[in-house]
Amino acid sequence: MADEKIHLCVLTELAANPAMGFAIKSGGGDLHIFVVRHNDRLYGYINRCPHTGVNLDWLLDQFLDATGKLITCATHGAQFRIEDGYCIHGPCSGESLTPIAISSHDGWVFLQPG
Ligand code: FES
């Protein structure tokens, strides 16, 4: 991953759509991540289900269940808490998504280096 923070989007985009996915150039390929805005906080995770390693979303930026309160995997329906990525239901119960550092400044959302 880059040594400098990376602009992902403007914060207002995450008001209209509370979860968004991004592909970040990393080494020879893309790192797939997503950001969720929930209760005025930002949470970021690698877009990879702990069950099989596939991306979680089934359509562009579709990471949440119908309630908007849980992250869900489109493949086998695992459900994860937004706040810490912990899987509360599904074939990878007890495992967690991999968190990434997200920040917000001057109306922008950034991926922190590391
Ligand atoms: S691949 Fe995500 S629950 Fe099976």
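Everything discussed here concerns the structure shown above.
Bear in mind the structure is a predicted one, so any value in this text is a computation, not a measurement.

**Some words on the overall build of the chain**
Point 1. When you go through the chain residue by residue, the secondary structure sums to 1 helix and 10 strands.
Point 2. From first element to last, N terminus to C terminus, the chain shows the α and β order β-α-β-β-β-β-β-β-β-β-β.
Point 3. Principal-axis analysis of the C-alpha atoms gives the chain an extent of 35 × 35 × 25 Å.
Point 4. Looking at the chain as a whole, 35% of its 114 residues are labelled buried.
Point 5. Partitioning the contacts of the chain with sequence separation of at least 6, the portion at a separation of at least 24 is 45%.
Point 6. Here the chain displays about 6,200 Å² of accessible surface, and carbon together with sulfur accounts for 50% of that area.

**Re the nonpolar core**
Point 1. Ranked by size, the top nonpolar core spans 17 residues in total, and within it Phe-34, Val-36, Leu-56, Ile-71, Phe-80 and Leu-97 carry the most contacts.
Point 2. Breaking this core down by element, the ones donating at least two residues are strand S3 (29-38) and strand S4 (41-46).
Point 3. What Phe-34 contacts, discounting residues up to four positions off in sequence, is Met-20, Gly-21, Tyr-43, Gly-44, Tyr-45, Ile-46, Asn-47, Leu-56, Phe-63, Ile-71, Leu-97 and Ile-100.
Point 4. One finds Leu-14, Met-20, Ile-100 and Ile-102 within the second-largest nonpolar core, a separate group that totals 14 residues.

**Things to note about the pairing of strand S10 (residues 108-111)**
Point 1. Where strand S1 (residues 6-10) and S10 come together, 4 bridges link them in antiparallel fashion. Along S10, the bridge assignment pairs Ile-6 with Leu-111.
Point 2. Direction of pairing for strand S9 (residues 102-105) relative to S10: antiparallel, over a ladder of 4 bridges. Its bridge partner lying in S10, Ser-103 is registered against Phe-110.
Point 3. Linking two consecutive strands that pair antiparallel, namely S9 and S10, is a turn of 2 residues; a positive phi of about 50° is found at Asp-106 within it.

**Section: the packing of aromatic side chains**
Point 1. For the structure shown, the criterion picks out 2 aromatic pairs.
Point 2. Ring centres of Phe-34 and Phe-63 lie 4.3 Å apart, and the angle between their planes is 5°; this geometry places the pair in the stacked category. Placement of Phe-34 in strand S3 and of Phe-63 in the loop between S4 and strand S5 (70-72) is noted, with a sequence separation of 29 residues between them. For the pair Phe-34 and Phe-63, a shared accessibility class is recorded, and that class is buried.
Point 3. An aromatic cluster of at least three residues, connected via ring pairs, comprises Phe-34, Tyr-45 and Phe-63.

**Quick notes on the environment of His-38**
Point 1. In this structure, His-38 sits in strand S3.
Point 2. Between the C-alpha atoms of His-38 and Ser-26, which are 12 residues apart in sequence, the distance is 27 Å.
Point 3. Contacts of His-38, omitting those with residues within four sequence positions, involve Tyr-43, Gly-68, Ile-82 and Glu-83.
Point 4. Of the polar contacts made by the side chain of His-38, one reaches the side chain of Asn-39; its length is 3.4 Å.

What counts, and at which threshold
Residues numbered from 1 in each chain as written. Predicted model: local features only at pLDDT ≥ 70, side-chain atom pairs only at ≥ 80, totals over all residues. Heavy atoms only, no water. Helix = DSSP H or I, 4+ residues; strand = E, 2+ residues; numbered from the N terminus. Buried < 20%, exposed > 50% of the residue type's maximum accessible area, 1.4 Å probe, protein only. Contact = heavy atoms within 4.5 Å. Areas by Shrake-Rupley, 256 points an atom, 1.4 Å probe, with all protein chains shown as cover. Core = buried A, V, L, I, M, F, W, Y, C linked by side-chain atoms within 4.5 Å. Pairing = 2+ DSSP bridges. Phe/Tyr/Trp six-rings, centres within 6.5 Å; stacked < 30°, edge-to-face > 60°. Polar contact = N/O pair within 3.5 Å; in protein donor to acceptor, adjacent residues only side chain to side chain.

These results come straight from atomic positions and should not be treated as a statement about function.
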